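Fold and contact review
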Amino acid sequence: MCELLGMSANVPTDITFSMAGFLQRGGATGPHRDGWGVAFYEDAGYREFKDPHPSIASPVARLILDYPIKSRIVISHIRQANVGQVNLGNTHPFSRELWGRHWCYAHNGQLAGFREALPLSYFQPTGQTDSEWAFCWLLGEIRQAFPHPPEQPEVLQALIHRLAEQLRTLGVFNLLLADGEQLYAYCSTKLAHITRCAPFGPAILKDTELEIDFAACTTPQDVVSVLATEPLTTNEEWHIMQPGELVVFQDGRCRARLLSTAG
């Protein structure tokens, strides 16, 4: 399976510390050698880097670690290919425009019979993966339900949760999705998150020998939430999400939590 990494913060924040551990899973501490990518939201802009090579040996990964980019929302993905060739076009994250916003998406899992079960409408994939097909279907369903952004965020959250629940019936569907304002995370089998705020303390990475004292590089007003397929640190308490659970983050804090009604 692939692995996911996400961040939501209330101020532009770099994700170098978490990335340093996460990228080790792309060929060093994990078997995910089939490409990796990362997307950053910066003000009204959107910046994306992707590489079909293992993250552990990627010059692009070294660039990201050496050139910290500050962002309020980040989505990253390391790939272990199941559907589709190993190439740039099949490398996550994927992005599309809707309502004048950049939507970014990354998926961990595998879906069976997706072409028959998920008829596409407005958005079309450019690659061959089940992940991108599911993204095009999901965004098309959102566009059909809401040609314009809904005034109440709760109705959009409920729709995304319902669509993710439908996708989960086809297989494993762990999701990170962002529109530049909210970061949505849906757990099918495995996803965890942690919110860091004052008083800040030290953190020790699991995948590499690196420790940081967040108290030395933050302010008391900072709030940062990090999501990952598996916890990235050894000395912090991460929240392990339930199957069928959707959490929505904005400005670093969890704004909504929807649970599955399936038995």
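Data block above holds the structure.
An account of the accompanying structure is given in this report. (Residues numbered from 1 in each chain as written. Predicted model: local features only at pLDDT ≥ 70, side-chain atom pairs only at ≥ 80, totals over all residues. Heavy atoms only, no water.)

**As for the packing of helix H4 (residues 130-145) against helix H5 (residues 153-168)**
In the contact formed by H4 and H5, the axes pass within 11 Å of each other and the chain directions differ by 145 degrees. Handedness of the H4/H5 crossing: right-handed. Note on element contacts: H5 touches H4 through Leu156, Leu159, Ile160, Leu163, Gln166 and Leu167, opposite Ala134, Trp137, Leu138, Glu141, Ile142 and Ala145. Considered class by class, the residues forming the contact of H4 with H5 number 10 nonpolar, 1 polar and 1 charged. (Axes fitted to C-alpha atoms, helices over the stretch in contact; angles between N-to-C directions. Helix = DSSP H or I, 4+ residues; strand = E, 2+ residues; numbered from the N terminus. Left-handed = near helix turned anticlockwise from the far one by under 90°. Contact = heavy atoms within 4.5 Å. Nonpolar A, V, L, I, M, F, W, Y, C, P; charged D, E, K, R; others polar.)

**Topic: unusual backbone geometry**
Backbone geometry follows two general trends: most residues other than glycine have a negative phi, and most peptide bonds adopt the trans configuration. In this chain, Ala198 is followed by Pro199 through a cis amide linkage whose omega measures 0 degrees. Tracing the sequence through the fold places Pro199 in the loop between strand E9 (192-197) and strand E10 (202-204). Phi at Trp99 takes a positive value of approximately 60 degrees, unusual for a residue other than glycine. The topology assignment puts Trp99 in the loop between strand E5 (94-98) and strand E6 (101-108). The backbone of Asp251 sits at a positive phi, close to 55 degrees, despite the residue not being glycine.

**So, the pattern of salt bridges**
Counting across every chain of the model gives 10 salt bridges. With a shortest N-O distance of 3.8 Å, Lys70 and Asp14 are connected by a salt bridge. Separated by 56 residues along the polypeptide, Lys70 in the loop between helix H2 (59-66) and strand E4 (71-78) and Asp14 in the loop between strand E1 (3-13) and helix H1 (16-22) bring together distant segments of the chain. The salt bridge partner of Arg257 is Glu245, with a shortest N-O separation of 2.5 Å. Highlighted residues: Arg257 in strand E15 (residues 253-258) and Glu245 in strand E14 (residues 245-250), separated in sequence by 12 residues. On the basis of relative accessible area, Glu245 is assigned to the buried category, the value being 1%. (Salt bridge = Lys/Arg side-chain N within 4 Å of Asp/Glu carboxyl O. Buried < 20%, exposed > 50% of the residue type's maximum accessible area, 1.4 Å probe, protein only.)

**Re the packing of aromatic side chains**
Counting across every chain of the model gives 8 aromatic pairs. Centre to centre, the rings of Phe17 and Phe214 are 5.6 Å apart; their planes meet at 85 degrees, and the pair counts as edge-to-face. Taken together, the residues span a long stretch of sequence, with Phe17 in helix H1 and Phe214 in the loop between strand E11 (211-213) and strand E12 (223-228) at a distance of 197 residues. Here Phe17 and Phe214 have matching classes, each one buried. Residues Phe40 and Phe49 carry aromatic rings whose centres are separated by 6.4 Å and whose planes lie at 80 degrees to one another, so their mutual orientation is edge-to-face. We note that Phe40, like Phe49, is buried. (Phe/Tyr/Trp six-rings, centres within 6.5 Å; stacked < 30°, edge-to-face > 60°.)

**Some points on the sheet that holds E5**
One open sheet holds the 6 strands; their spatial order is E5-E6-E7-E8-E14-E15, and the pairing between them is antiparallel. Lying at the two open borders of the sheet, with one neighbouring strand each, are E5 and E15. Here the average twist between neighbouring strands, direction ignored, is 20 degrees. Here E6 runs beside strand E7 (residues 174-178); their pairing, made up of 5 bridges, is antiparallel. Residue pairing for E7: His107 is matched across the bridge by Leu175. The strands touched by H4 within the sheet are E5, E6 and E7, with E5 carrying the most contacts at an inclination of about 15 degrees. (Pairing = 2+ DSSP bridges.)

**Topic: the sheet that holds E9**
In spatial order, the strands read E3-E2-E4-E1-E12-E9-E13; together these 7 strands make up an open sheet with antiparallel pairing. Unpaired on one side and paired on the other, strand E3 (45-51) and strand E13 (239-240) mark the two borders of the sheet. In the sheet, E9 pairs with E12 via 6 bridges, with the strands oriented antiparallel. Counterpart to His193 in the pairing with E12 is Leu227.

**Some thoughts on the pairing of E12**
Here E12 lies mainly inside the structure; 6 of its 6 residues are buried. Of the two faces of E12, the one holding Val223, Ser225 and Leu227 and the one holding Val224, Val226 and Ala228 are both buried throughout. Pairing analysis gives 5 bridges linking E1 to E12, with the strands arranged antiparallel. Note on E12: the bridge partner recorded for Gly6 is Leu227.

**Focus on the side chain of Asp51**
Within the secondary structure, Asp51 sits in strand E3. A distance of 2.8 Å separates a polar atom in the side chain of Asp51 from a polar atom in the side chain of His53. Excluding its chain neighbours within four sequence positions, the residues that come into contact with Asp51 are Gly35, Trp36, Ser58, Pro59, Val60, Leu88 and Thr91. (Polar contact = N/O pair within 3.5 Å; in protein donor to acceptor, adjacent residues only side chain to side chain.)

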